[in-house]
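Structural features, examined
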Amino acid sequence: MNGGGDTFEAPVSSDQEQHEDPEKLAMFEARIARGEKIEPPDWMPTLYRQQLIRVIEQHAHSEIIGTLPEGAWITRAPGFRRKMGQMAKVQDEVGHAQLLYSAAETLGKTREEMMNDLISGKSKYSNVFNYPTPTWADSTVISWLIDAGAIVNQLANAKGSYGPYCRALERICVEESFHLKYGHDAVVHLATGSAKQREMIQAALNRWWSPIMMFFGPPDKTSVHTKALMKWKVKMATNDECRQQFLDMYVPKIGDLGLTVPDPNLRQNAAGTWEYTEPDWEEFKQVINGNGPCNAERLAVRRTAEEKGAWVREALLRPAAQYTTPLA
Ligand code: BYC
């Protein structure tokens, strides 16, 4: 299975909480209620640790795999300026993965274990990166709207309870806001360009809208982890709240560019809530369980990188070793 794992199974049982020391658990929850940050040496319930590892690890994998659809356009981006920008963005995303893997390591899972779980298909990463970027416009939609969605989610969670994750998210959000400007600029260029360019960006938006709607996770009523994550302030907004906030902010901006959101049912009701056509959640399940259009390709690239980089990791682990370069 690629990019999979057992989706929508019940969360790790809250029975586990019953085996925790009640006094320690109460002190831990009081700290969270006071808005204190939990740091790596602090006592924490096993379920909190497991959930954090899951979320942070999946996030790190998303950054790494997320470089692939945009990375494919580094050499083909229109003009030198865009090529430079694209390269810098991809480099930033790899940096985000580094920060996140380091944050997850503080919880006791090694980077090697995380990498193995990624390339074996055990761990998940974001659904959106299992779709192709057949045109430059697709890449610009990622840079603008996926990054916009990521900022909505991450700004909220940066105020969460686990110190290392929050600090990583704060830094990531600063860089993501540059990516957002970069992506917006590229989309504006296409949307205000020739008829062919406008057609290209509209077609890309049509392809990406549904994956973007899924990006925030399944509807709250079917989300299995939200309750536990919100109780301990790992997640500071629900999936539906983030989706709504994204729609509030970006539907008007998309309209300003003369583009059409490909959902005829999209409208804000009198209460201000966006009503929309539910994306195909069956497709979502398929994609996050390894059966999306690009899952196999994405993991194959990652696996090759891992294999080809093995000698570098080995050399770094033995800094005192002496190597001789043959002259001929
Ligand atoms: N894709 O109970 P739920 C970026 C899974 S990268 C795949 O609601 P939760 C960028 C979920 O894992 C930024 N799987 O889960 C990078 C669970 O399965 P498991 C990526 C998803 O944790 C490069 C099951 O569905 N952002 O921006 O409460 C270039 C049930 O879901 C997805 C993050 O990673 C999905 N979209 O909420 C450009 C943010 N959604 O684990 C840009 C960190 C759900 O039980 N993560 N699933 O097998 C989170 O905030 C939360 O984990 C989620 C899901 C909101 C994603």
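Before reading on, note that the structure itself is shown above.
In this text, all values refer to a predicted model and were calculated from it rather than measured experimentally. (Residues numbered from 1 in each chain as written. Predicted model: local features only at pLDDT ≥ 70, side-chain atom pairs only at ≥ 80, totals over all residues. Heavy atoms only, no water.)

**Some details on the environment of I212**
Let me state the cut-off plainly: Helix numbering and strand numbering both begin at the N terminus, where a helix is a DSSP run of H or I of at least 4 residues and a strand a DSSP run of E of at least 2. We call two residues in contact when some of their heavy atoms are within 4.5 Å.
As for its placement among the helices and strands, I212 is situated in helix α8 (residues 195-215). Spatially, the C-alpha atoms of I212 and I53 are 24 Å apart, while their sequence positions differ by 159 residues. If sequence neighbours within four positions are ignored, I212 has contacts with V128, V141, L145, I146 and F246.

**Concerning the layout of surface pockets**
Threshold: Only protein atoms enter the 1 Å grid used here. Points where a 1.4 Å probe fits but cannot escape make up a cavity, open sets with protein on both sides within 12 Å along at least five of seven lines make up a pocket, and a residue lines them when an atom lies within 4 Å of a point. Grid points are joined across faces, edges and corners, and a volume is the space filled by probe spheres set on the points.
Here the second largest pocket is characterised by a volume of approximately 410 Å³. Taken together, 15 residues make up the lining of the second largest pocket; nearest its centre are R111, M115, R302, E306 and R313. Listed by contribution, the elements that provide at least two residues to the lining of the second largest pocket are α4 (80-105), α5 (111-119), α12 (295-308) and α13 (310-317).

**Concerning the nonpolar core**
What counts here: Definition used in this section: a nonpolar core is a set of buried Ala, Val, Leu, Ile, Met, Phe, Trp, Tyr and Cys residues joined via side-chain atoms within 4.5 Å. Each residue is placed in one exposure class: buried if its accessible area under a 1.4 Å probe, protein chains only, is under 20% of its type's maximum, exposed if it is over 50%, and partly exposed if it falls in between.
One finds Y48, I56, L145, Y162, W209, F246 and L247 to be the most contacted residues of the largest nonpolar core, which totals 82 residues. The element contributing the most residues to this core is helix α6 (residues 136-157), with eleven residues. Apart from the residues within four sequence positions on either side, I56 is in contact with L100, A103, A104, L107, Y162 and Y165.

**Focus on the side chain of H59**
Relative to the elements of secondary structure, H59 occurs in helix α3 (residues 46-71). The buried category is assigned to H59, whose relative accessible area is 11%.

**Thoughts on the packing of aromatic side chains**
To keep things clear, this is the line we draw: Think of it this way: a Phe, Tyr or Trp ring, Trp meaning its six-membered ring, pairs with another when their centres are within 6.5 Å, and the plane angle makes it stacked under 30 degrees, edge-to-face over 60, tilted otherwise.
With the rule as written, the count across this model stands at 13 aromatic pairs. With 6.2 Å between their ring centres and 65° between their planes, Y131 and W208 make a pair best called edge-to-face. Separated by 77 residues along the polypeptide, Y131 in the loop between α5 and α6 and W208 in helix α8 bring together distant segments of the chain. In this pair, the class of Y131 matches that of W208, namely buried. Where F215 meets F216, the ring centres are 5.5 Å apart and the plane angle is 85°; that geometry is what we call edge-to-face.

**Things to note about the environment of G121**
Here G121 shows up in the loop between α5 and α6. In this structure, the C-alpha to C-alpha distance between G121 and G290, residues 169 residues apart in sequence, is 7.5 Å.

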